Amino acid sequence: MTHAAFLVIAALAVASALGLVLRRNAIHGALFLVVNLGSVAALYLTLGAEFLAAVQVIVYAGAIMVLFVFAIMVLIPGKEETGLDPRRGWRLLALPVGALLALQLLLVVRAGVGPVAPAAAVPGGVEAVARLLFTRYLLPFELTSVLLLAAMVGVLLLARRRV
Amino acid sequence: MSLAADLGIAFGRVAFVMLFVLNMGGLLTWVERKQSAIMQDRIGANRASILGLRLFGLFHPLADAIKMLTKEDFRPARADRVLFGLAPFVSVFFALTAFASIPFGDTLRVGGREIPLQAVTLNVGVLYVFAMLSLGVYGVMMAGWSSGNNFALLGGQRAAALMITAEVAIGASIMGVIMVYGSLNMMDIVRGQGALLWGWLPAWGIVTQPLAFVLFLTAGIAATKRIPFDMPEGESEIIGYFVEYSGMKFGMFAMADFLETVVIAGMTTSLFLGGWQVPYLDAAGVRLPWGWTWALPHLLVVLLQVGAFVLKVCAVIFFMMLIRWTLPRFRYDQAMRLGWLGLFPLSIANIVLTGLVLLLWGGRP
Amino acid sequence: MVAESWYVALSAVLFSIGVVGVVVRRNPLVMFMSIELMLNAANLAFVAFGRRAGNADGQIAVFFVMAVAAAEVAVGLAIIVTVFRLRRRLSVDDLSLMRW
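Just so it is clear, the model here is predicted, and its values are computed rather than measured. (Residues numbered from 1 in each chain as written. Chains lettered and ligands numbered in written order. Predicted model: local features only at pLDDT ≥ 70, side-chain atom pairs only at ≥ 80, totals over all residues. Heavy atoms only, no water.)

J.: Please provide a residue-by-residue account of the overall build of chain A, values included.
T.: When helices and strands are counted, chain A shows 6 helices and 0 strands. Helices and strands in chain A line up, N terminus first, as α-α-α-α-α-α. In chain A, buried positions account for 39% of the 163 residues. When contacts within chain A are restricted to residue pairs at least 6 apart in sequence, long-range pairs at least 24 apart make up 51% of them. Summed over its atoms, the accessible surface of chain A is roughly 9,400 Å², and 74% of this surface lies on carbon and sulfur atoms. (Helix = DSSP H or I, 4+ residues; strand = E, 2+ residues; numbered from the N terminus. Buried < 20%, exposed > 50% of the residue type's maximum accessible area, 1.4 Å probe, protein only. Contact = heavy atoms within 4.5 Å. Areas by Shrake-Rupley, 256 points an atom, 1.4 Å probe, with all protein chains shown as cover.)

Here it is as structure tokens:
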């Protein structure tokens, strides 16, 4: 039963990723990516990380992708990438190379599979994450806040109109 | 047998929530017209009748629905085909699913089973409502974009900016409530509001977090794009993201508006007004602070609590309608300034203040 | 209980799709979104490994990746919008010189 659920959600994730990469229209691609992020959030739920699933939907699918869609709407509607592609040959080489990459990674995964240990109950609630975040990972947490401040200042400077 | 019973019970919980929300949404069109009429000293819509029976205009929502269903479903020539049809569905879908984690009653103990009266029990229920509200932005942006109309696009961007601002303010103002009641699970928060401060004052959210209540209600009204925050589509002044929609698609956008109102009312009730808690009524019966008790059967207690929840949601909706017909609307920059320079810093200050008070109090009530 | 290796395999597939997306597409916004897809795939692998280890460290790592991704998206989009304002075209092939 859980395997069936995993396969369905995984198929949705792969299909929406392909949709992002293959669609000409950037907005359709962005919405496919939102579906992909939602399906990965569902996978987090099956892995027992409920807080992370909620944060993924709120932050990634609900804020970052909204920013993307905004930017796409502002930067002219319709399709770009018209015109001849001078490096078409090189670009199309990416497809077999990408397939090779996928094959290599899957072989690595298969080689690394050890005996499946009985999974200990992973603490997925807010409390477990918060406990770690404020004790062991306190320094990265504070540094992240400084990073976000730096990003905000940078964006404000870049978005100013230089008339 | 047991599996069928489990499925039936799960279905029943979801059905109650969905029917409650959908019916309230439909009823709100009538409430809006009648309440505004009473406030403005006129009669309001009372012409729709079936077999000569008028019923104070209660058939008007039905008449509106029939009108919208029979209108031409127009699609502009330059509209993006898929997104144009998808946008109203996305709006309504996320507004409906947001209500799933709001508890409408205590755990019902019947036939040896414990049935939590909540559509879905989630440990991160508050964050779930947030997530659904933040995904609702997509419906609006898709509508604005896919109409093929520059003014609709601008309206969609205005609406999206407003919704994001409101969402941030909502999140920050809820933090104080979560700190006081110590859990993200909505059922725990509502249960925690049954405690009595100093022996006689019910520890409702509005008592323990008054500033957060005001901030949340303001940000909630902004998130639903109701007046005074309806500058995305300010009926007689400026056109918005659903200008190219007609018929039932437009009806779905209006419906999504009312559904979000119900969701915000439900959240306000659960977080600040005690949810399904009736003061001095606990699982055994009435228990007044000076010791007088009155035992009541379990089913009656649960029924009273569900009724209390419905009543409180209706009261909050009444208040929101009251505000709608009283205040003029904000301009775009005024609304943004209020959201980022008013609501957000005050919410952060509320968090700091709550932390200080909790430290001095030495724990939670 | 689905084995973690399935999740990591899915993450590998998503990552490769992201790599192909970055190389094949010429629209900088779609390239950026493919990068986000790659980050997302790495996040999934983190959480799967975290479950195998039995603690919440994987989730903490994902937390930080998400925060950094948010900052990166904001700055990256600001850069793309600025470049578009100056160049009036949206193709990465034009951005091959450091100054023009």
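J.: Summarise a nonpolar patch on the surface; cite the residues concerned and give the values.
T.: Residue and element names in this part refer to chain B. On the surface, Trp198, Trp200, Ile348, Val352, Leu353, Leu356, Val357 and Trp361 cluster together to form a nonpolar patch covering roughly 880 Å² of accessible area. By secondary structure assignment, the location of Trp200 is in the loop between strand S3 (196-197) and strand S4 (201-202). Here Trp200 falls in the partly exposed class, since its relative accessible area comes to 49%. (Patch = residues over 30% accessible without salt bridge, like charges linked within 9 Å, V, L, I, M, F, W, Y side chains within 5 Å. Salt bridge = Lys/Arg side-chain N within 4 Å of Asp/Glu carboxyl O.)

J.: Lay out the packing of aromatic side chains with the relevant residues and their values.
T.: Residue and element names in this part refer to chain B. Inspection of the entire model under this criterion finds 21 aromatic pairs over all chains. Considering the side-chain rings of Tyr245 and Phe253, the 5.0 Å spacing of their centres and the 70° angle between planes classify their relative orientation as edge-to-face. Phe253 carries the same exposure label as Tyr245, and that label is buried. Connected via pairs of aromatic rings, a cluster forms that spans Phe84, Tyr241, Phe242, Tyr245, Phe250 and Phe253. When the ring centre of Trp325 is taken as origin, the NZ or CZ atom of Arg324, which lies over that ring, is 4.5 Å away. (Phe/Tyr/Trp six-rings, centres within 6.5 Å; stacked < 30°, edge-to-face > 60°. Lys NZ or Arg CZ within 6 Å of the ring centre and 35° of its normal.)

J.: Describe the packing of helix H2 (residues 28-53) of chain C against helix H3 (residues 57-87) of chain C, with residues and values.
T.: All names here are of chain C. At a closest axis distance of 9 Å, the pairing of H2 and H3 adopts a crossing angle of 175°. Considered as vectors, H2 and H3 are oriented roughly antiparallel to each other. Two secondary-structure elements touch here, H2 through Pro28, Leu29, Phe32, Ile35, Glu36, Leu39, Asn43, Phe46, Val47 and Gly50 and H3 through Gly58, Ala61, Val62, Val65, Met66, Ala69, Glu72, Val73, Gly76, Leu77 and Ile80. Of the residues belonging to the contact of H2 with H3, the class tally is 15 nonpolar, 4 polar and 2 charged. (Axes fitted to C-alpha atoms, helices over the stretch in contact; angles between N-to-C directions. Parallel < 35°, antiparallel > 145°, perpendicular 65-115°, else oblique. Nonpolar A, V, L, I, M, F, W, Y, C, P; charged D, E, K, R; others polar.)

J.: Explain the nonpolar core residue by residue, including any values.
T.: In terms of nonpolar packing, the biggest core is built from 165 residues, with Met65(A), Phe68(A), Phe99(B), Tyr138(B), Ile174(B) and Met33(C) touching the most fellow members. In contact with Ile174(B), other than residues within four places in its own chain, are Val126(B), Phe130(B), Phe216(B), Met267(B) and Leu271(B). Ranked by size, the runner-up nonpolar core spans 5 residues in total, among them Leu281(B), Leu288(B), Leu296(B) and Val301(B). (Core = buried A, V, L, I, M, F, W, Y, C linked by side-chain atoms within 4.5 Å.)

J.: Residue-level account of the interface of chain B and chain A, with values.
T.: The interface of chain B with chain A comprises 20 residues on the first partner and 21 residues on the second. Summing the contributions of chain B and of chain A, the shared interface buries around 1,800 Å²; its carbon and sulfur component is 79%. Interface area lost by chain B to chain A is led by Tyr138(B), Met141(B) and Trp145(B), which between them contribute 35%. Summed over the shared surface of chain B and chain A, the result is 0 salt bridges. Contributing elements (two or more residues each) for the side of chain B that touches chain A: helix H4 (125-135), helix H5 (137-146) and helix H6 (150-181) of chain B. For the side of chain B that touches chain A, the per-class residue count stands at 16 nonpolar, 3 polar and 1 charged. (Buried area = accessible area lost by both parts, 1.4 Å probe.)

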